[in-house]
Amino acid sequence: MTVLDLAVQTLHAELRESYLETITFRDQITAVIAPESILPAARLLKTSKNLDFNLLAALTAVDYWPENPRFSIVYQFYSMANKAMLGIRVPLPAEKPELDSIDSIYPNANGHEREVFDMFGITFSGSRDLRRILMPWDWEGHPLRKDYPLGEEEIQFSFNFDEINLRKHYARD
Amino acid sequence: MFEPKMEITLDELRHLISDRAYEGETMVLNMGPQHPSTHGVLRLILELDGEVVVSCIPDIGFLHTGIEKNMESKTFEQALVMTDRMDYLNNLGNNLCYCLAVEKLVDLDVPPRAQVIRVILAELQRIASHLVFLGTHGLDLGAQSIFLYCFREREVILDLFEMCSGARMMTSYIRPGGVWRDIPAGFEEAVRSFMQELPRRLDQYDALLTKNPLYLQRTRGISAITVDDAISIGLTGPLLRAAGMAFDLRKELPYSGYDAYDFDVPVGTSGDVYDRYLVRMEEMRQSLRIIDQALKKIPSGPFRSSNRKFVPPPRSELGRSMEAVIHHFKLWTEGYPAPKGSVFSVVESPRGELGCFLEGDGGPRPYRVHFRTPSFAAIQALPVMAPGHLVADLVGIISSLDPILGDVDR
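I will try to describe carefully the structure that is included in this document. Please read these numbers as outputs of a predicted model, since none were measured by experiment.

**Concerning the environment of B:Ala21**
Residues and elements named next belong to chain B. If you trace the backbone, Ala 21 turns up in the segment before strand S1 (27-31). Take Ala 21: there are 20 C-beta atoms within 10 Å of it, and that puts it in the buried class. Put simply, Ala 21 and Val 54 are 33 residues apart on the chain and 9.9 Å apart in space, counted from C-alpha to C-alpha. Among all residues touching Ala 21, those that are not within four sequence positions of it are Leu 10, Thr 26, Val 28 and Glu 47.

Written out as structure tokens, the structure reads:
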């Protein structure tokens with residue numbers, strides 16, 4: 001039994017009904033778990049001697065707008081001892097997407113969580129520092145959401161300069 | 001007219017700075033974004049007690065270009081050119097990471113010749129990137145001459161890239177299923193002659209810095225870090241290896257046939273700035289070993305997959321085969337569909353673990369692309385690594401992290 005199978009089994013036994021399903025795609029294993037169980041799952045992966053997933057390799061989100069549950073947070077945990085990468089997926093609803101922060105277990109999660117917060121508007125409760133990270137601090141909207149337009153600057157000619165100027169986005173306070 | 005509010009008050013950073021900043025005992029100072037030693041547009045908010053850094057708050061995003069958002073509106077093949085522009089010292093490595101993800105997602109084969117070409121180019125890119133590190137690192141610490149020497153050598157590598165891809169930096173040479181075209185005649189000889197020259201040059205750089213007492217004083221014991229701390233703040237690559245852990249994704253999760261090459265993973269002991277320098281110097285020599293083995297075993301055969309559902313047919317087939325014309329038309333107008341599902345691919349970039357999360361939705365465009373970049377992790381580690389050191393040493397710490405701001409912000 002590989003360490004990934006063991007991890008899936010352990011998570012299933014530990015989380016019981018909040019373990020939703022296992023996705024196997026192109027020899028990559030991803031466990032889907034309910035939002036409220038992310039903290040116990042992360043703690044289990046990090047502290048269990050047999051699993052020992054000591055590196056949070058990546059943390060990002062996917063927006064499935066207009067479906068519901070709208071978001072998925074995707075974690076990639078890497079175990080240096082076992083040379084194995086495990087994915088964890090957490091579906092989140094469209095209204096008030098909120099998830100427990102795991103930066104107390106994996107300190108490097110903070111930067112990634114800030115990026116997800118900035119780009120998707122998903123809040124991480126209990127985070128030690130949740131501010132925008134890439135966009136300006138007074139930016140409106142969350143660019144990587146699917147309902148956020150790709151956007152371009154409207155070209156202002158002299159005849160419509162004032163008209164466009166009124167609706168143009170500046171960094172306002 | 002509205003008055004833009006330019007400053008953030010201290011209250012918004014309350015949880016990140018000490019109370020002494022409020023009493024005026026320590027000073028909060030801005031470093032960057034226009035500062036020559038920050039290697040781009042990195043802004044640091046420093047809390048200083050005299051000249052000693054008490055806390056360091058990185059502020060990034062000045063080079064944010066929305067690459068991940070832009071890639072969602074392009075086909076898989078078109079989106080490739082954007083990866084060049086992320087980490088602009090590791091263009092081919094970015095191409096490789098993205099192509100591995102696409103190949104995994106659509107289940108595309110890569111012929112052996114292309115694998116070897118990829119390895120040669122990725123290792124040349126690693127040397128080029130480390131040379132820039134070495135030059136700018138020396139420059140930051142006041143060793144001016146090494147900068148010019150390193151850029152002279154890097155120029156030769158960029159010429160090699162130009163030989164095979166037509167572009168010095170934004171190559172887009174590695175494509176899903178192989179490489180764009182075969183390496184030109186004379187490329188192997190050019191690489192060999194460069195390889196003959198480089199070891200001698202590296203010895204010269206060694207002589208300039210490795211035992212230089214000024215350099216030793218500026219780097220030894222600065223920003224030392226333990227393996228556990230380094231892992232917990234997400235450091236990988238040379239930074240983690242300098243701390244003493246032989247973690248190299250080329251050995252851990254081999255891709256592009258790296259398991260068939262014989263090379264060592266250099267490891268430091270204390271994780272300080274000096275060890276990071278030593279590790280990178282040794283990595284350049286190991287890269288030369290890999291290139292040497294790759295040149296010896298480069299097989300003949302196709303340089304790109306012949307799966308016509310994903311790879312456009314060569315020009316010569318278009319005049320003869322109707323099917324080739326159809327494939328050509330379909331691939332360049334519509335692209336190829338990828339199945340529903342997500343993959344995560346990792347490569348060892350010169351800066352550490354470069355990961356690509358790619359999700360397909362059944363259509364010809366990536367539904368979501370995310371790059372886990374090593375520079376981002378390195379910058380997020382600054383609040384842990386900088387405190388307790390002098391401002392002058394902070395410059396050395398930043399350059400030893402070797403952050404590329406295009407890689408941080410994407």
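Back to the write-up after that little detour.
**Focus: unusual backbone geometry**
Residues and elements named next belong to chain A. In this structure, the amide linkage connecting Trp 65 to the following residue, Pro 66, adopts the cis form with an omega of 5 degrees. Following the sequence through the fold, Pro 66 ends up in the loop between strand S3 (55-63) and strand S4 (71-79). In this chain, Asn 68 is followed by Pro 69 through a cis amide linkage whose omega measures 5 degrees. Turning to its location among the elements, Pro 69 is positioned in the loop between S3 and S4. Even without being glycine, Arg 26 reaches a positive phi, approximately 50 degrees. Looking at the secondary structure, you find Arg 26 in the loop between strand S1 (19-25) and strand S2 (28-33). Of note, the phi angle at Lys 83 is positive, near 55 degrees, even though the residue is not glycine. By the element assignment, Lys 83 lies in the loop between S4 and strand S5 (84-92).

**Here's the deal with the interface of chain A and chain B**
Contact with chain A, which involves 32 residues of that partner, is made by 38 residues of chain B. Looking at the side of chain A that touches chain B, the elements with two or more residues in it are S3, S4, S5 and helix H3 (109-120) of chain A. A per-element tally of the side of chain A that touches chain B places S3(A) first, with 6 residues. Here the side of chain A that touches chain B is built from residues that sort into 19 nonpolar, 8 polar and 5 charged.

Conventions we followed
- Residues numbered from 1 in each chain as written.
- Chains lettered and ligands numbered in written order.
- Predicted model: local features only at pLDDT ≥ 70, side-chain atom pairs only at ≥ 80, totals over all residues.
- Helix = DSSP H or I, 4+ residues; strand = E, 2+ residues; numbered from the N terminus.
- Buried ≥ 20, exposed ≤ 12 C-beta atoms within 10 Å, placed from the backbone.
- Contact = placed C-beta atoms within 7 Å.
- Nonpolar A, V, L, I, M, F, W, Y, C, P; charged D, E, K, R; others polar.

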